Amino acid sequence: MTDMANRLASLVCLLAALPAAANVAASTRTPATLTLSSGTARTRSEVLSEELDFDCAEVEQEAVCHFEARYRLRNGTDEAEVIDAAFLGLRTREVRVRFDEEPLPVTEAQAASMGPTSEAGRLAHAQAERFGFTLTLPPGREGELRVRGLMQLERRFLPSGYVWPAVQSRHVLLSPGPAQATHWDIDYLLGPIRTWAGNPTLHITVRVPSGWEVGSSPDAFARTLPVATDWRLRHEGEQVVAERSLTAEGAPEWLNVTLTKRKPWWTSGGVQLGLGAGLGDDSRWMARLGYQFAAPESFLHSLSVETDFREQVVLTPLTQYATPQVAIIPSLGFGLGIPVQVLPEARPGLRLLADLHFGPLGAALTWDHYPALWEGTDSFSRWILLFQVAL
């Protein structure tokens, strides 16, 4: 789904034909801006305040939000007013409406065509779900209109460009891919509230799991990371609660709420195979077999076993910092490990490593030093150069 500005501009045109409409929409973010006309009040009854609650969770790797919008209404005139209202939303279902706890009949979701429209020479077709209902306010009546429903949100796509984390570029076969934060967006239309009389205060509350973050986009571009500016955050048990307030007249035309699930703290990698030789007087063929993972993204941790197929076996846990691969610029790593020589005699040492990888192919140079830790042993050092394949 693209060109959100085109959809929302068409939605505004659709709203203009309605006495009143809900001002909540959930959709995909697109690189465009939105302009809404403030319009004039089309009702004599006033909206005194609006409270909007989202309670969101992840279901089958998608974000689903139960929402409730509460409008405090007042008919301050001496005549009854019949208002034909509608709730419009994208990817919205199970909408129920009550006024002072009395249910109001709601028409089933009807597709409201909003296209074709154009923006920068591009055409867009969109469908909205429209839930219509009728509200009658007697003279002097004040009450609460409550709308409840379910929203299924779409992910925001943030391209990584030509930059691949080391664990992804090196282990293209077995690694599941880079650990990335997941973003979902709720676009909350503020302009349609101005089709009612009054200048209500809007209070927005968003509840998400404790591992998530709540923010907003500083502009309307899909490739912009969200920020938590203007949100008041607190914890309630296993949830994070974000709140903010604003007035209808002083509010922007629309408000973005971005839900972010933080990236996992570790990423599985894959197998490393190496073949090379020792350098210097003690030159011999060496082979390496190991497994590597990332935690966090720029730090690779591995456990490997090396042998000369004759008398030497070495186990080495190692941690290294590795730069990402940027287009044709390879990934460079520097590491520190503790080689434990198992054969011909058990003794620990210290390893320094430098490696260079372009995709799964690379080379690693290591320097191992084994100090004389007890009487009767001599310290020695060893250089090893290996050509590596990462799976």
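Structure: see above.
This report concerns the structure included in the present document. Computed from a prediction, not measured in an experiment: that's the story for all the values here.

## Thoughts on the environment of Ile384
With respect to the secondary-structure elements, Ile384 resides in strand E29 (residues 380–390). In this structure Ile384 comes out as buried when scored by relative accessible area, which is 1%. Each C-alpha atom of the pair Ile384 and Gly278 lies 4.3 Å from the other, and the pair is 106 residues apart in sequence. With residues near it in sequence (within four places) discarded, Ile384 still touches Ala277, Gly278, Met286, Glu306, Ala364, Leu365, Thr366 and Asp368.

## Let's talk about the pairing of strand E17 (residues 239–247)
Both faces of the sheet carry side chains from a regular strand, because those side chains alternate between them. As judged from the 9 bridges shared by strand E14 (residues 201–209) and E17, these two strands associate in the antiparallel manner. Bridging across to E17, His203 finds its partner in Ser245. Strand direction decides the pairing type here: strand E16 (residues 232–236) and E17, joined by 5 bridges, are antiparallel. Opposite Leu233, over in E17, you have Ala242 as the bridge partner. Between E16 and the antiparallel strand that follows it, E17, lie 2 residues; Gly237 among them carries a positive phi value of about 60°.

## Comments concerning a nonpolar patch on the surface
A contiguous nonpolar patch, built from Leu273, Leu289, Val305, Leu315, Ile338, Val340, Val342, Leu343, Leu361 and Val389 and spanning about 760 Å² of accessible area, is present on the exposed surface. By secondary structure assignment, the location of Val389 is in strand E29.

## As for the pattern of salt bridges
The full count for this structure, using the stated rule, is 22 salt bridges. Here Glu68 and Arg70 are joined by a salt bridge, their closest N and O atoms 2.4 Å apart. According to the relative accessible area criterion, Arg70 is buried, its value standing at 12%. A salt bridge links Glu243 to Arg234, with the shortest nitrogen-to-oxygen separation between them at 3.2 Å. Residue class for Glu243 comes out buried when judged on its relative accessible area of 15%.

## A short note on the nonpolar core
Here is a general trend for soluble globular proteins: nonpolar side chains tend to be buried in one another's company. Membership of the largest hydrophobic core comes to 45 residues, with the highest contact counts inside it found for Phe54, Leu73, Val206 and Leu259. Examining the composition of this core, we find that 6 residues originate from one element, strand E3 (residues 62–74), more than from any other. Filtering out sequence-adjacent residues up to four positions away, Val206 remains in contact with Phe54, Val214, Trp231, Val240, Val241, Ala242, Val257 and Leu259. Formed by 5 residues, the second largest nonpolar core is a distinct cluster that contains Ala166, Val167, Ala294 and Ala322.

## What to know about the side chain of Asp185
By secondary structure assignment, the location of Asp185 is in strand E13 (residues 182–189). Only 2.9 Å separates the side chain of Asp185 from the side chain of Thr258, close enough to count as a polar contact.

## Notes on the environment of Arg93
You can see Arg93 is positioned in strand E5 (residues 92–99). For the pair Arg93 and His66, spaced 27 residues apart in the sequence, the C-alpha separation amounts to 10.0 Å. Among all residues touching Arg93, those that are not within four sequence positions of it are Phe131, Gly149, Leu150 and Gln152.

## Here's the deal with the sheet that holds strand E6 (residues 102–104)
Spatial strand order, E6-E5-E11-E3-E2-E14-E17-E16: 8 strands in an open sheet with mixed pairing. Looking at the sheet topology across the chains shown, the edges are occupied by E6 and E16. Neighbour to neighbour, the strand axes of the sheet diverge by 20° on average, direction disregarded. In this structure, E3 lies alongside strand E11 (residues 142–152), joined through 11 bridges in antiparallel fashion. Following the sheet pairing, His66 is matched in E11 by Leu150.

The rules behind these values
- Residues numbered from 1 in each chain as written.
- Predicted model: local features only at pLDDT ≥ 70, side-chain atom pairs only at ≥ 80, totals over all residues.
- Heavy atoms only, no water.
- Helix = DSSP H or I, 4+ residues; strand = E, 2+ residues; numbered from the N terminus.
- Buried < 20%, exposed > 50% of the residue type's maximum accessible area, 1.4 Å probe, protein only.
- Contact = heavy atoms within 4.5 Å.
- Pairing = 2+ DSSP bridges.
- Patch = residues over 30% accessible without salt bridge, like charges linked within 9 Å, V, L, I, M, F, W, Y side chains within 5 Å.
- Areas by Shrake-Rupley, 256 points an atom, 1.4 Å probe, with all protein chains shown as cover.
- Salt bridge = Lys/Arg side-chain N within 4 Å of Asp/Glu carboxyl O.
- Core = buried A, V, L, I, M, F, W, Y, C linked by side-chain atoms within 4.5 Å.
- Polar contact = N/O pair within 3.5 Å; in protein donor to acceptor, adjacent residues only side chain to side chain.
- Axes fitted to C-alpha atoms, helices over the stretch in contact; angles between N-to-C directions.

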